[in-house]
Amino acid sequence: MPLMGSGYIPSGPVGIELSAITRRSYVPKIVVQIYQATPVLSAGLANAQTATGGVSSVTVPVQGFPMTTTAPSDYAGNFNAPGAQVGILEAAYNLKAIITPIAFLGMEGLVQLNAAVVPLIEARMNDAGNGAADYLATQIWTNGTPQSLNVDGFPLMTDNTQTYGNIPTRLPGQTNDFFAAFTRAIAAAPLPTRSTVIADIVFAANFAGGEMPNMGVCGPGTWAALAQNFTGVESYQITPSASFDQSNLGARSLFTALMVAGVPIYMDPKCPEGQFIYLNTRYLSFYIHEAAAFVFTGFASTLPNSQLGYIGCLVAVLEFICAKPKTLARVTGYSAAT
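Everything quoted here is computed from the prediction, not taken from an experiment.

What counts and how
- Residues numbered from 1 in each chain as written.
- Predicted model: local features only at pLDDT ≥ 70, side-chain atom pairs only at ≥ 80, totals over all residues.
- Heavy atoms only, no water.
- Helix = DSSP H or I, 4+ residues; strand = E, 2+ residues; numbered from the N terminus.
- Rg over C-alpha atoms; globule rule 2.2 N^0.38 Å.
- Contact = heavy atoms within 4.5 Å.
- Lys, Arg positive; Asp, Glu negative; His and termini not counted.
- Charge placed at Lys NZ, Arg CZ, Asp CG, Glu CD.
- Expected span 1.5 Å × (residues − 1).
- Buried < 20%, exposed > 50% of the residue type's maximum accessible area, 1.4 Å probe, protein only.
- Salt bridge = Lys/Arg side-chain N within 4 Å of Asp/Glu carboxyl O.
- Phe/Tyr/Trp six-rings, centres within 6.5 Å; stacked < 30°, edge-to-face > 60°.
- Lys NZ or Arg CZ within 6 Å of the ring centre and 35° of its normal.
- Core = buried A, V, L, I, M, F, W, Y, C linked by side-chain atoms within 4.5 Å.
- Polar contact = N/O pair within 3.5 Å; in protein donor to acceptor, adjacent residues only side chain to side chain.

Draft legend 1. Highlighting the overall build of the chain. Helix and strand counts for the chain stand at 7 helices and 14 strands. A compact globule built from 338 residues would reach a C-alpha radius of gyration of about 20 Å, whereas the chain, at 28 Å, exceeds it by more than 25%. By its C-alpha atoms, the chain is 105 × 70 × 40 Å across when sized along the principal axes. Contacts in the chain between residues at least 24 apart in sequence constitute 73% of all its contacts with a sequence separation of at least 6. Side-chain charges of the chain comprise 14 positive and 18 negative groups, with the mean position of each set lying 3 Å from the other.

Next up, the structure:
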């Protein structure tokens, strides 16, 4: 609908006449307004592994118990005979499928032929990829239901009372606690600081047997609260006989990732406020079926349904997997900046 009565365009009959005989100046692209960039999804896809078909498509042998016994010896060198100690189990995961149907109406193609500013089919194809990524990013932060149709999320991976990877209850001190994730709830709801986040990282590393997380994630408000603790201690280094106005970038203040004890902390817009997730990308990634890695099926005619047009699907068969939950930590109870 043309915009009338604004700027130098008149309203009323004069504006309607101008609209009827005057071309519009279109921007020949669509500016997407509704999706979000998420560092966890990016990290998981960047570290993606290939999977194939079969039941329990991804099976990870995991050692949860000792397989040998060490004991002291005397001058004679005597030792106890070794026994057959069972220590290896399997963590099993089935891949999940997501499908994004894409419609192409026959009349739509005729209308837009040689007259399209932006072809609708191209916009839908672009939206299919964005929509699939947004759907996966949402499930990562919301799905806490075991063995569901959706990809597994952090609420499931860090809930030690539930089955994960086909390994049941993983509460610390119980049989399968080797497959437990680290969780910590802070009671006083403080704002996060470098000191509190360092404590989180130390707790997480100690729980994981000394293996440090290589990435931390929190919501934008929580990240902003942590950043405030950095701002007051910033210092600016000026090159002798130079000044900031001689630098194209000016003075550098803060940064995208807040480094705490060598662990970069990123903001993720889908992360619930007041919590931090610490992870190690060596053990956390997407496993994607080699024959369904965001593939397009091609278009098929809808004539059998008595409709002139075509339909195709974007298909991805994959799962978001943490092969070593001990390296995954969730800390809740912080306050966020408003």
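Draft legend 2. Representation of helix H7 (residues 220-231) in the model. If you check H7, its first and last C-alpha atoms are 16 Å apart, about what 12 residues at 1.5 Å a residue would give, namely 16 Å. Taken as a whole, H7 has its buried residues at Gly221, Thr222, Trp223, Ala225, Leu226, Ala227 and Phe230. Buried residues belonging to H7 abut helix H6 (194-207), strand E6 (215-218), strand E7 (258-260), strand E8 (263-267) and strand E9 (276-279).

Draft legend 3. Quick peek at the pattern of salt bridges. In total, this model carries 7 salt bridges according to the counting rule given. Two residues, Glu211 and Arg282, come together in a salt bridge whose shortest N-O distance is 3.3 Å. Of this pair, Glu211 sits in the loop between H6 and E6 while Arg282 sits in the loop between E9 and strand E10 (284-289), placing them 71 residues apart in sequence. Among the residues examined, Glu211 registers a relative accessible area of 18% and is labelled buried.

Draft legend 4. Up close: the packing of aromatic side chains. Inspection of every chain in the model, using the stated rule, returns 14 aromatic pairs. Ring plane angle 65° and centroid distance 4.9 Å describe the contact between Trp141 and Phe154, whose orientation is recorded as edge-to-face. Of this pair, Trp141 sits in helix H4 (residues 120-142) while Phe154 sits in helix H5 (residues 154-157), and the two are 13 residues apart along the sequence. An aromatic cluster is defined as three or more aromatic residues linked by ring pairs; in this entry it consists of Phe65, Tyr93, Tyr164, Phe178 and Phe179. Taking NZ or CZ as reference, Lys326 lies 4.4 Å from the ring centre of Phe207, over its face.

Draft legend 5. Broad picture of the nonpolar core. Core analysis: the biggest nonpolar cluster contains 45 residues, and Phe154 and Phe320 have the highest contact counts within it. In terms of residue count, strand E13 (residues 309-322) provides more of this core than any other element does, 8 residues in total. Leaving out residues up to four positions away in the same chain, Phe154 has contacts with Val40, Ile140, Trp141, Ile277, Leu279, Leu284, Phe320 and Leu328. Residues Trp223, Ala227, Ala329 and Val331 belong to the second largest nonpolar core, which totals 19 residues.

Draft legend 6. Highlighting the side chain of Lys270. Mapped onto the fold, Lys270 is located in the loop between E8 and E9. Looking at Lys270, the relative accessible area reads 19%, which means it is buried. A polar contact is formed between the side chain of Lys270 and the side chain of Thr138, at a distance of 3.3 Å. Among all residues touching Lys270, those that are not within four sequence positions of it are Gln36, Thr38, Asp134, Ala137, Thr138 and Trp141.

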